[in-house]
Amino acid sequence: MSESTTERLRVLTGDTPTGSLHLGHYVGSIENRLQMQEEYDCFFFVANWHALTTRADQTDDIRADTISIVKDWLACGIDPNKATLFVHSEVPAIAELTWYFSMLVGYGRLMKNPTVKDEIRVKGLGDEYSFGFLLYPIGQIADILAFRPAFVPVGEDQVPHIEMTREIARRFNQYYCKIDGSVPDEEHAQRGGVFPIPEARIGRVARLTGIDGKNKMSKSLGNAIHLSDTPKQVQKKCNKIFTGRGSMDDPPVLENNTILEYLDIFMPDKARAAELNEAYAASKIGDGDLKKEVGAAMNALLEPIREKRATISDDDVIDVLKDGCRKANAVAEQTLWKAKQAVRYDFFKREIVLG
Ligand code: ATP
Ligand code: MG
């Protein structure tokens, strides 16, 4: 099995199938991926193992969401001829790397990860989360490092995970590849470390607020405008946004007002956005007027995506994923072999054959 001979730097990122994609994904990560696929060797994956952490009893939904996310990608313009699109569960080297990395992370360190703490709180998991839930941040480290990427395009909420990934890549290289603790991050790979120390790449919008006006827009929180929503659903969701005022007689709220955040992000005509902003601040227009304008701007962005999405079948998605899994396995198996050589578990080589 030979590694891709491309000289382009690699990029890796993914989405969990806990629902279909939303506008937060679009401005937080998809826009970035569209640019990056032109320049880098990109790997985009559906994290269907991670979806099990909170929905182990809903695997029909996970499967449907897996297909749906790939349709979203393709509809947005992610091109399987430029990027490799794959699904977690058919790339076994990722699970194996998770085992090795799990020995390099302390339980205390894991529980200090603010994204893990936040997810437990926001998703109301209490102390009822599964053992596997705690394994997912380590799994995420393996997702990334299996592809030895230079960059990981993500939203702000994922930065603590990337930080932990960087720590573990350094530790692995120090333990098993004789990389001294003083070696700068950018020199790890060239000095013989199996893993480069990857960098997060934050999108145009680091964190898009949800229509609840409070939390990050999130598939799991019911506060998202999905890329696949109909024009009516988009407008209806816009109409629900809490703008911060108690009654319509109160003055408009100008700080932390989600409709103003959306106006700034989704209105492509910046002069028009400034004009509307001013009129709103002076109470010349109200919440309803702004919601209508923002809804229309979102729908203008989503219309071509919806149109393209309608032409993509489930079978198209399976074909794309199968081809992508083949390419992903070639790289991930290569990485696993390098890692096994480093830890002296390299008894013999093997090959993954897809049916
Ligand atoms: P879940 O609620 O199940 O965690 P999610 O909506 O957070 O789902 P993920 O699949 O966890 O979506 O995230 C995929 C990528 O999209 C990550 O890089 C994440 O940082 C980014 N992302 C998700 N939501 C937003 C958002 N509201 N703003 C910016 N980036 C986001
Ligand atoms: Mg998330």
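Note that this is a predicted model, so its numbers are computed, not measured.

Explain the overall build of the protein to me, using residue names and the numbers behind them.
Along its length, the protein carries 13 helices and five strands. In terms of overall dimensions, the protein is globule-like: its C-alpha atoms have a radius of gyration of 22 Å, near the 20 Å expected for 355 residues. Considering only C-alpha atoms, the protein reaches an extent of 75 × 45 × 40 Å along its principal axes. Within the protein, counting contacts between residues at least 6 apart in sequence, those at least 24 apart form 76% of the total. Summing over all exposed atoms, the protein offers an accessible surface of approximately 17000 Å²; the carbon and sulfur share of this is 50%. For the protein, the distance from the average site of its 45 positive side-chain charges to the average site of its 52 negative ones is 2 Å.

So what's going on with the state of the cysteines? Residues and values would help.
Here the structure, examined in full by the defined rule, presents zero disulfides. Among the cysteines around Cys42, which has no disulfide bond, Cys76 carries the closest sulfur, lying 15 Å off. For Cys42, a relative accessible area of 0% puts it in the buried group.

How would you summarise the pairing of strand 1 (residues 10-15) if you had to cite specific residues and measurements?
When you tally the buried positions in strand 1, you get five out of six residues, the bulk of the element. As paired strands, strand 1 and strand 2 (residues 41-46) are joined by six bridges and run parallel to one another. Within the sheet, the bridge partner assigned to Arg10 lies in strand 2 and is Asp41. With helix 1 (residues 23-39) bridging strand 1 and its parallel neighbour strand 2, the resulting β-α-β unit is right-handed.

Now, about the site of ligand 1: what can you tell me, with residues and values included?
Close to ligand 1 lie 23 residues, the nearest being Thr18, Asp157, Lys216, Ser218 and Ser220. The fraction of the free accessible surface of ligand 1 (600 Å²) that becomes covered by protein chains is 95%. Elements with a contribution of two residues or more to the shell around ligand 1: strand 1 and helix 1. Residue composition of the shell around ligand 1, grouped by class: five nonpolar, eleven polar and seven charged.

Can you explain the nonpolar core? Please cite residues and give values.
Nonpolar side chains in soluble globular proteins tend to end up buried together. The biggest cluster of nonpolar side chains holds 104 residues, and the ones touching the most others in it are Trp73, Phe86, Phe101, Phe147 and Phe172. When residues of this core are assigned to their parent elements, the largest contribution, eleven residues, is made by helix 13 (residues 314-343). Two domains each provide a minimum of three residues to this core, namely domain 1 (10-207 + 313-343) and domain 2 (231-309). In this structure, Trp73 is in contact with Asp15, Leu21, Ile30, Arg33, Phe44, Phe45, Val46, Ile78 and Leu85, ignoring residues within four places of it in sequence.

What counts, and where the lines are drawn
Residues numbered from 1 in each chain as written. Chains lettered and ligands numbered in written order. Predicted model: local features only at pLDDT ≥ 70, side-chain atom pairs only at ≥ 80, totals over all residues. Heavy atoms only, no water. Helix = DSSP H or I, 4+ residues; strand = E, 2+ residues; numbered from the N terminus. Rg over C-alpha atoms; globule rule 2.2 N^0.38 Å. Contact = heavy atoms within 4.5 Å. Areas by Shrake-Rupley, 256 points an atom, 1.4 Å probe, with all protein chains shown as cover. Lys, Arg positive; Asp, Glu negative; His and termini not counted. Charge placed at Lys NZ, Arg CZ, Asp CG, Glu CD. Disulfide = S-S within 2.5 Å. Buried < 20%, exposed > 50% of the residue type's maximum accessible area, 1.4 Å probe, protein only. Pairing = 2+ DSSP bridges. Right-handed = clockwise from strand over helix to strand, strands pointing away. Near = heavy atom within 4 Å. Nonpolar A, V, L, I, M, F, W, Y, C, P; charged D, E, K, R; others polar. Core = buried A, V, L, I, M, F, W, Y, C linked by side-chain atoms within 4.5 Å. Domains from an automatic or database assignment.

That's the geometry; what it means functionally is another story.
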